[in-house]
Amino acid sequence: MPQIFTASADTWLRAGVLLAAMGVLVTGLLWDGAIGSSYITAVGWVRDQPVPFSHKHHVGDVGIDCRYCHTTVETGPHAGFPATHTCMTCHSQLWTSAPALAPVRDSLATGTPIRWQRVARLPDYVYFNHSIHVARGVPCVTCHGRVDQMPLMMRAQPFQMRWCLDCHRDPGPHLRPPDQVTRMDWRAWDREGHADYGPHQAALLGIKPERMTDCTLCHR
Amino acid sequence: MRYLLLLALCAVLIILLVGCDEMTHQPRYQAAGPGRLFPDGKAMQAPPAGAVAQDDPARAAALDRRPAMSAALLARGRQRYDIYCSPCHDVAGTGHGAVPARGFPAPPSLHEPRLVQAPSRYFVEVITSGHGVMYSYADRVAPADRWAIAAYIRALQLRRDAPADALEATDRAKLYGAKLGGAKLDGGPP
């Protein structure tokens with residue numbers, strides 16, 4: 001009976017197993033890196049928009065409150081895209097012949113909405129409600145970043161589940177006075193001095209962290 | 001045969017994996033997204049002509065009736081005023097906001113005699129329907145909030161135009177006792 005395996009078969013087997021293990025490890029590391037990379041999360045990437053709208057100008061320079069345009073952020077699940085009517089409140093008089101604003105004027109003339117490209121998008125299997133977060137004092141800047149410093153809108157946070165859970169497991173330190181939610185600069189917020197604020201606020205508003213990681217809270 | 005089965009299993013797995021992305025982008029309409037089903041291409045449809053929303057009577061009633069003055073009403077009015085009015089009218093109501101500073105026709109000061117004498121309903125009507133180059137804010141400011149803003153405008157006017165003597169004695173003492181960098185207070189604030 002002839003030999004089935006050659007003399008070097010053991011060596012090949014060991015090398016193969018080692019290679020496979022390394023392959024799995026490297027793939028895992030690469031995958032983990034890829035998941036967190038801005039290529040996947042889109043953090044810091046701007047998108048082509050029909051109008052190069054600058055939050056830096058409107059929020060940072062002019063000082064318009066977020067809610068001037070995003071009117072349903074306090075009352076509904078969506079913050080709300082402003083109607084063209086809202087843009088034209090000022091731009092019926094300002095920059096009336098600017099080429100960059102031609103799509104806005106066309107939109108008003110034809111009644112066709114501007115097709116903005118969504119920047120802060122959640123997967124369709126996530127239920128998110130703006131109003132409850134705003135009412136409990138999670139400032140806009142926590143999720144949307146310093147939009148007052150963004151000439152073109154970009155995603156500031158990865159919007160992945162682990163990032164959501166970071167706050168849902170321990171909301172206290174992320175809470176701010178609800179009447180200041182649209183404030184952008186919180187550097188003056190003294191973490192030491194307000195160490196008690198979060199827990200007190202959470203208790204006052206009836207926030208129960210033990211229920212805030214229920215699957216069905218967001219996946220309905 | 002066994003290899004064929006394995007291949008088929010792989011194909012099924014790949015097809016299932018493709019399905020994973022369908023969860024992220026489900027074939028459904030987004031609130032402000034496109035809707036191919038409708039003639040105007042919008043997912044969000046305006047109610048048909050003549051439709052009355054369930055909360056329409058309540059809104060109409062809120063617009064009709066002036067709420068009683070209260071500290072809460074003023075606080076709400078101040079917040080709404082700062083959001084929707086201050087870009088043009090500025091936080092003091094003098095009409096020197098950031099938007100007029102960039103070339104928008106400056107609105108009149110809320111402290112001019114015509115507007116001090118105007119009834120509160122006048123401000124509610126201007127917010128509702130607009131006035132001159134000012135657009136309507138009916139889509140942004142709820143009826144009850146329009147009255148709150150009108151109330152806060154009254155407070156702004158009073159704050160600027162009321163004589164210090166009209167204050168109660170304790171408040172007046174507080175005002176004159178306030179250290180304002182050595183500035184001498186005579187009459188009302190500037």
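Residues numbered from 1 in each chain as written. Chains lettered and ligands numbered in written order. Predicted model: local features only at pLDDT ≥ 70, side-chain atom pairs only at ≥ 80, totals over all residues. Heavy atoms only, no water.

An unreviewed UniProt entry annotates chain B as Cytochrome C of Nitrospirillum viridazoti CBAmc.

Within an unreviewed UniProt entry, the label attached to chain A reads Cytochrome C, and the organism entered is Nitrospirillum viridazoti CBAmc.

## Focus: the interface of chain B and chain A
Threshold: Residues count as neighbours in contact if any of their non-hydrogen atoms are within 4.5 Å of one another. In short, buried area is how much 1.4 Å probe accessible area vanishes from two parts on joining, totalled over both. The salt bridge criterion pairs a side-chain nitrogen of Lys or Arg with a carboxyl oxygen of Asp or Glu, the two atoms within 4 Å. For the purposes of these results, a polar contact is taken to be a pair of N or O atoms within 3.5 Å, where, inside protein, one atom must be able to donate a hydrogen and its partner to accept one; residues adjacent in sequence count only when each atom of the pair is a side-chain atom. Labels follow the DSSP assignment, with helices taken as runs of H or I lasting at least four residues and strands as runs of E lasting at least two, numbered in each case from the N terminus.
Taken together, the contact pairs 27 residues of chain B with 26 residues of chain A. The contact between chain B and chain A buries some 2500 Å² in all, and 58% of this surface belongs to carbon and sulfur atoms. By the criterion of area lost to chain A, the three top residues of chain B are Arg102(B), Tyr135(B) and Arg140(B), representing 24% of everything that side buries. At the junction of chain B and chain A, the tally comes to 2 salt bridges. Across the pair Asp124(A) and Arg28(B) runs a salt bridge whose closest N-O atoms are separated by 3.6 Å. For the interface between chain B and chain A, the tally reads 12 residue pairs in polar contact (both at pLDDT 80 or more). Looking at the side of chain B that touches chain A, the elements that each hand over two or more residues are helix H1 (2-24) and helix H3 (71-89) of chain B. Looking at the side of chain B that touches chain A element by element, the count peaks at 5 residues for H3(B).

## With respect to the layout of surface pockets
Rule in force here: The pocket and cavity definitions rest on a 1 Å grid over protein atoms only: a 1.4 Å probe that fits but cannot leave marks a cavity, an open set with protein on both sides within 12 Å along at least five of seven lines marks a pocket, and residues lining either have an atom within 4 Å of a point. Grid points are joined across faces, edges and corners, and a volume is the space filled by probe spheres set on the points. All amino acids are sorted into three groups, where Ala, Val, Leu, Ile, Met, Phe, Trp, Tyr, Cys and Pro are nonpolar, Asp, Glu, Lys and Arg are charged, and the leftover types, Gly among them, are polar.
Taken as a whole, the second largest pocket spans an internal volume of roughly 970 Å³. Contributing to the lining of the second largest pocket are 33 residues, with Pro123(A), Tyr125(A), Phe159(A), Gln160(A) and Thr24(B) lying nearest its centre. Top element by residues in the lining of the second largest pocket is helix H9 (residues 161-169) of chain A. It accounts for 4 residues. Within the lining of the second largest pocket, the residues separate by chemical class into 20 nonpolar, 7 polar and 6 charged.

## What to know about unusual backbone geometry
Residues other than glycine seldom take positive phi values, yet Trp95(A) does so here, at roughly 55°. Structurally, the position occupied by Trp95(A) is in the loop between helix H5 (84-91) and helix H6 (102-110).

## With respect to a nonpolar patch on the surface
All names here are of chain A. Condition: Only residues whose relative accessible area exceeds 30% and that take part in no salt bridge are eligible for patches, with like-charged residues grouped when within 9 Å of each other and nonpolar side chains (Val, Leu, Ile, Met, Phe, Trp, Tyr) grouped when within 5 Å. Only the protein chains shown count as cover for residues, with accessible areas throughout obtained via the Shrake-Rupley method and a probe of 1.4 Å. Residue burial is assigned from relative accessible area. The probe radius is 1.4 Å, only protein chains are included, and a residue is buried under 20% of its type maximum, exposed over 50%, and partly exposed in between.
Together, Met1, Ile4 and Phe5 line one region of the surface with nonpolar side chains, adding up to about 490 Å² of accessible area. Within the element layout of this structure, Ile4 appears in the segment before helix H1 (9-36). Under the relative-accessibility criterion, Ile4 is labelled exposed at 67%.

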